[in-house]
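# Observations on the model geometry
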Amino acid sequence: MATKKEEKELTFEECLKQLEEVILNLENKDITLSDAVTNYQKGLESAATVLATKRNGSQTVVIFLTDGKPTFYGNEIGLGDETSVNTVNAAYTAAEGISCNQFYAVGINLPGENGITVYKNDEDGFWGSNEESYKTSGLAILQNIRDKVSATTKGAYNSTASELTDIFGTIAGSITK
């Protein structure tokens, strides 16, 4: 006879401790840019899937945490280490599928003002001309994602890893039961 796995609800402090351990592990890994791709769309779609199974009346909080600019969408479509309009738009569309009480988009060391070139195309070997691309920041992309989500309370941050404790403290202070 199969038994249901016992579920344990974690306190925010327990979740924060687990998150800090994950971040420390990320900081200690030697990852080259060619190994690192980031698919915002899949992460946001996963959040929407989890939210679809929530208990009635439960408070829902989504924290979208990333250490990279969006470089892939769908099933491994993208420029690998660059961002395309299709990649960004896929993330925005996925964000529109999220409805929760609180949503926070948190970036770690994302490129600053004009640090991300968003190319018109993502076809292999052709990214579009300079006239067809535009510049933006990691924070601007996170703010656009935040604005696409349906939530009562929203936030968007870009920080260093060492600033995360303060950001999560701010988020924890806004979470109501």
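Above this note sits the structure.
Notes on the structure follow.

### Describing the packing of helix α3 (residues 85-96) against helix α4 (residues 138-148)
Packed helix pairs are characterised by how far apart their axes lie and by the angle those axes make with each other. Where α3 contacts α4, the two axes come as close as 7 Å, and the packing angle between them is 30 degrees. When the axes of α3 and α4 are compared, the pair comes out roughly parallel. Along this stretch, α3 crosses α4, giving a crossing that reads as right-handed. Between α3, through Val88, Ala91, Tyr92, Ala95 and Glu96, and α4, the contact on the second element is made entirely by Ile141, Asn144, Ile145 and Lys148. Partitioning the contact of α3 with α4 into residue classes produces 6 nonpolar, 1 polar and 2 charged.

### Focus on the nonpolar core
Within soluble globular proteins, side chains that are nonpolar generally end up buried alongside one another. Membership of the largest hydrophobic core comes to 24 residues, with the highest contact counts inside it found for Tyr40, Leu44, Phe64, Ile98, Cys100, Phe103 and Ile145. Looking at this core, the elements that each hand over two or more residues are α2 (40-51), β1 (61-66), α3, β5 (99-108), β6 (116-119), α4 and β8 (150-159). Non-local contacts of leucine 44, meaning those with residues more than four positions away in its chain, are made with Phe64, Ala91, Ala94, Ala95, Ile98, Phe103 and Ile145. Grouped together as the second largest cluster of nonpolar side chains are 8 residues, Tyr104, Ile108, Ala161 and Ile167 included.

### As for the sheet that holds β1
Taking strand neighbours across the sheet as the criterion, the 3 strands line up as β1-β5-β8 in an open arrangement whose pairing is parallel. Since the sheet does not close on itself, it has two edges, and those belong to β1 and β8, each with one partner. Between one strand axis and the next, the sheet turns by 10 degrees as a mean value, whatever way the strands run. Across 9 bridges, β5 lies against β8 in parallel orientation. Across the sheet, glycine 107 pairs through a bridge with asparagine 158, a residue of β8.

### A short note on the environment of serine 162
Among the secondary structure elements, serine 162 is positioned in the loop between β8 and α5 (164-174). Residues serine 162 and isoleucine 108, 54 residues apart in the sequence, show an inter-C-alpha distance of 9.4 Å. Separated by 3.1 Å, the side chains of serine 162 and threonine 160 make a polar contact.

### Side note on α3
Helix length check: α3, at 12 residues, gives a terminal C-alpha distance of 17 Å against a target of 16 Å (1.5 Å per residue), a fit within 8%. Here α3 has its buried residues at Thr87, Val88, Ala90, Ala91, Tyr92, Ala94 and Ala95.

### Some details on the environment of phenylalanine 72
Summarising the element assignment, phenylalanine 72 is placed in strand β2 (residues 72-73). What makes phenylalanine 72 buried here is its relative accessible area of 14%. Along the primary structure phenylalanine 72 and lysine 42 are separated by 30 residues, whereas in three dimensions their C-alpha atoms are 9.1 Å apart. Once you skip the residues sitting within four places of it in the chain, phenylalanine 72 turns out to touch Val37, Thr38, Asn39, Tyr40, Ile77, Gly78, Gly80 and Thr87.

### Description of the side chain of threonine 87
Position of threonine 87 relative to the elements: it lies in helix α3. Overall, the relative accessible area of 1% leaves threonine 87 in the buried class. One polar contact links threonine 87 to serine 84, side chain to side chain, over a distance of 2.8 Å.

### A word on unusual backbone geometry
Positioned with a positive phi, asparagine 109 is a non-glycine residue whose angle comes to about 55 degrees. Note on placement: asparagine 109 falls in the loop between β5 and β6.

### Looking at the packing of α2 against α3
Across the interface, α2 lies against α3 with an axial gap of 8 Å and an inter-helix angle of 5 degrees. Taken together, the axes of α2 and α3 are roughly parallel relative to one another. Every residue of α3 that contacts α2 at Tyr40, Gln41, Leu44 and Glu45 is listed here: Ala90, Ala91, Ala94 and Ala95. Here the contact of α2 with α3 is composed, by residue class, of 6 nonpolar, 1 polar and 1 charged.

Basis of the calculations
- Residues numbered from 1 in each chain as written.
- Predicted model: local features only at pLDDT ≥ 70, side-chain atom pairs only at ≥ 80, totals over all residues.
- Heavy atoms only, no water.
- Axes fitted to C-alpha atoms, helices over the stretch in contact; angles between N-to-C directions.
- Helix = DSSP H or I, 4+ residues; strand = E, 2+ residues; numbered from the N terminus.
- Parallel < 35°, antiparallel > 145°, perpendicular 65-115°, else oblique.
- Left-handed = near helix turned anticlockwise from the far one by under 90°.
- Contact = heavy atoms within 4.5 Å.
- Nonpolar A, V, L, I, M, F, W, Y, C, P; charged D, E, K, R; others polar.
- Core = buried A, V, L, I, M, F, W, Y, C linked by side-chain atoms within 4.5 Å.
- Buried < 20%, exposed > 50% of the residue type's maximum accessible area, 1.4 Å probe, protein only.
- Pairing = 2+ DSSP bridges.
- Polar contact = N/O pair within 3.5 Å; in protein donor to acceptor, adjacent residues only side chain to side chain.
- Expected span 1.5 Å × (residues − 1).

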